[in-house]
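Given next are the chains, with one letter for each unit.
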Amino acid sequence: MSHRAEVSNSNYSAISQALLFLADNFRRQPALAEAAAVAGLSPWHFQREFTRLAGVSPKAFVAHLTLERAKRALAQGRPILDAALDSGLSGPSRLYDLVLKVEAMTPGNYARRGAGLTICYGWHESLLGRALFAVTERGLCGLSFAAAGEERAQLADMTQRWPAARFAENVEETADFATRIFRHSSRPEPVPVQLFGTPWQIHVWKALLAIPAGSAVAYGTLAEKLCSARAARATASAIGRNPVALLIPCHRVITATGALGGYRWGETRKRALLALEAARFESAGGP
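Residues numbered from 1 in each chain as written. Predicted model: local features only at pLDDT ≥ 70, side-chain atom pairs only at ≥ 80, totals over all residues. Heavy atoms only, no water.

1. Remarks on helix 11 (residues 232-240)
Among all positions of helix 11, only T235, A238 and I239 are buried. Buried residues in helix 11, looked at end-on, bunch into an arc of 100°, giving them a common side. Against the buried residues of helix 11 lie helix 9 (199-208), helix 10 (219-226) and strand 9 (253-254). (Buried < 20%, exposed > 50% of the residue type's maximum accessible area, 1.4 Å probe, protein only. Helix = DSSP H or I, 4+ residues; strand = E, 2+ residues; numbered from the N terminus. Arc of directions from axis to C-beta. Contact = heavy atoms within 4.5 Å.)

Right, here's the structure in full:
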């Protein structure tokens with residue numbers, strides 16, 4: 001990747017603030033100059049940097065931050081999910097040109113709660129705020145987002161998942177994953193992902209991979225495909241425990257009415273993610 005394509009932390013931080021501001025205030029349609037001021041950039045520079053990092057213009061992004069857009073995505077999501085799950089697509093998937101190689105932890109290893117395991121973690125800037133990466137020797141096992149002041153809580157949540165593991169801060173070790181996931185590349189590298197959870201949780205998380213970018217499904221619909229409509233609460237609980245934000249796309253599961261329905265990393269981020277994916281999907285002309 002050329003030096004021009006490199007993304008500085010300061011640019012990510014500035015555009016992230018503006019992107020989340022737009023996701024929070026889209027109903028009043030803030031002017032470009034207002035969003036640019038949040039980023040601390042001139043309108044011209046903001047337009048250029050937002051488009052470069054987000055892959056869509058600020059105007060296109062705001063246009064997809066509506067309930068009606070979510071409802072249309074929901075309507076499209078069911079037949080796509082039916083076809084994907086019926087054909088057995090619940091493992092490797094593509095997201096933003098990423099190729100995921102998913103490996104589940106064995107039940108025995110899960111029962112040991114991470115004993116004997118070393119997990120390296122590090123913070124990196126992203127379009128959705130500061131991103132916490134956790135990796136093992138086999139791949140990415142955690143990805144979380146935090147606003148300023150939330151870092152300690154997000155790290156605590158990560159470490160509590162595997163209380164017997166040894167956690168070591170190592171930004172150099174996690175930087176490669178951040179680069180692979182957040183950069184734009186015409187030749188993406190595979191991203192290995194190691195999932196830690198109960199068999200049911202992993203079953204649900206793998207099913208989420210069948211939901212394509214630009215679409216969404218309802219909690220009840222997903223539960224019905226996985227087991228039965230009566231399993232909606234258990235499905236929602238497993239979705240809420242997803243340890244790998246963005247890549248395991250729990251943000252694509254919303255309520256049957258089109259409302260967002262909550263998100264571990266905040267509804268603003270969920271709305272922003274859905275809008276980004278829909279705008280990119282539309283600008284690319286579909287699948």
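2. What about the environment of S16?
Along the chain, the position of S16 falls in helix 1 (residues 9-25). Here S16 falls in the buried class, since its relative accessible area comes to 5%. What S16 contacts, discounting residues up to four positions off in sequence, is S126, L127, L128 and G129.

3. A look at helix 3 (residues 43-54)
The end-to-end C-alpha distance of helix 3, which contains twelve residues, comes to 16 Å, matching closely the 16 Å that a straight helix rising 1.5 Å per residue would cover. Where helix 3 is concerned, the buried positions are F46, E49, F50, L53 and A54. In a view along the axis of helix 3, the buried residues occupy a sector of 105°, so they form one face of it. G55 sits one or two residues past helix 3 and shows a positive phi near 85°. (Expected span 1.5 Å × (residues − 1).)

4. Side note on the packing of helix 2 (residues 32-39) against helix 3
Direction vectors running N to C along helix 2 and helix 3 enclose 80°, while the axes themselves pass 9 Å from each other. With respect to each other, helix 2 and helix 3 are oriented roughly perpendicular. In this structure, helix 2 contributes L32, A33, A35, A36 and A39 to the contact, and helix 3 contributes P43, F46 and Q47. The residue inventory of the contact of helix 2 with helix 3, partitioned by class, reads seven nonpolar, one polar and no charged. (Axes fitted to C-alpha atoms, helices over the stretch in contact; angles between N-to-C directions. Parallel < 35°, antiparallel > 145°, perpendicular 65-115°, else oblique. Nonpolar A, V, L, I, M, F, W, Y, C, P; charged D, E, K, R; others polar.)

5. A few points about the packing of helix 10 against helix 11
Helix-helix packing is described using two parameters, namely the angle between the two axes and the distance between the axes. The interhelical angle for the contact between helix 10 and helix 11, taken along N-to-C directions, is 105°, at an axis separation of 8 Å. Taken together, helix 10 and helix 11 sit at an angle that is classed as roughly perpendicular. Mapping the contact onto sequence places Y219, G220, L222, A223 and L226 in helix 10 and A232, T235, A236 and I239 in helix 11. Residues that form the contact of helix 10 with helix 11 fall into these classes: seven nonpolar, two polar and no charged.

6. Description of the nonpolar core
Core analysis: the largest hydrophobic core is formed by 65 residues, its most contacted members being F61, F133, L140, F182, L208 and L247. The leading source of residues in this core is helix 1, at nine residues. If sequence neighbours within four positions are ignored, L208 has contacts with L222, I239, I248, P249, C250 and V253. The next biggest cluster of nonpolar side chains, apart from the first, holds twelve residues, and it includes Y121, W162, A165 and F196. (Core = buried A, V, L, I, M, F, W, Y, C linked by side-chain atoms within 4.5 Å.)

7. Quick look at the side chain of R180
Along the chain, the position of R180 falls in helix 8 (residues 171-182). Of note is the side chain of R180, whose polar atom sits 2.7 Å from the side chain of D176. (Polar contact = N/O pair within 3.5 Å; in protein donor to acceptor, adjacent residues only side chain to side chain.)

8. Quick notes on the pattern of salt bridges
A full pass over the atoms with the stated rule returns ten salt bridges. Across the salt bridge formed by E34 and R28, the nearest N and O atoms sit 2.7 Å from each other. Overall, the relative accessible area of 30% leaves E34 in the partly exposed class. With a closest N to O distance of 2.6 Å, R264 and D157 form a salt bridge. One end of the pair, R264, is in the loop between strand 9 and helix 12 (267-283); the other, D157, is in helix 7 (residues 151-161), and 107 residues separate them in sequence. The exposure class of R264 is partly exposed, given its relative accessible area of 30%. (Salt bridge = Lys/Arg side-chain N within 4 Å of Asp/Glu carboxyl O.)

9. Some words on unusual backbone geometry
In this structure, Q29 takes a positive phi of about 50° despite not being glycine. Relative to the assigned elements, Q29 resides in the loop between helix 1 and helix 2.

10. Quick look at the confidence of the model for the protein chain
Summarising the model, the protein chain shows a mean pLDDT of 80, and 77% of its residues fall at 70 or more. Ranking the elements of the protein chain by mean pLDDT puts strand 1 (residues 94-95) last with 36 and helix 2 first with 95. Here residues 1-8 is modelled with pLDDT under 50, and outside its nearest four sequence neighbours on either side it reaches eight contacts, counting other chains as well. When the criterion is pLDDT under 50, residues 87-98 qualifies, and its contacts beyond four places in sequence or with other chains add up to 27 contacts. (pLDDT = per-residue confidence, 0-100.)

11. Observations regarding the packing of aromatic side chains
Going through the model one piece at a time under the given rule, you end up with seven aromatic pairs. For the ring pair W162 and F167, a centre distance of 6.2 Å and an interplane angle of 25° mean the geometry is stacked. Pairwise contacts between aromatic rings join Y12, F133 and F182 into one cluster. A cation over a ring is seen here: R180 above F177, with NZ or CZ 5.5 Å from the ring centre. (Phe/Tyr/Trp six-rings, centres within 6.5 Å; stacked < 30°, edge-to-face > 60°. Lys NZ or Arg CZ within 6 Å of the ring centre and 35° of its normal.)

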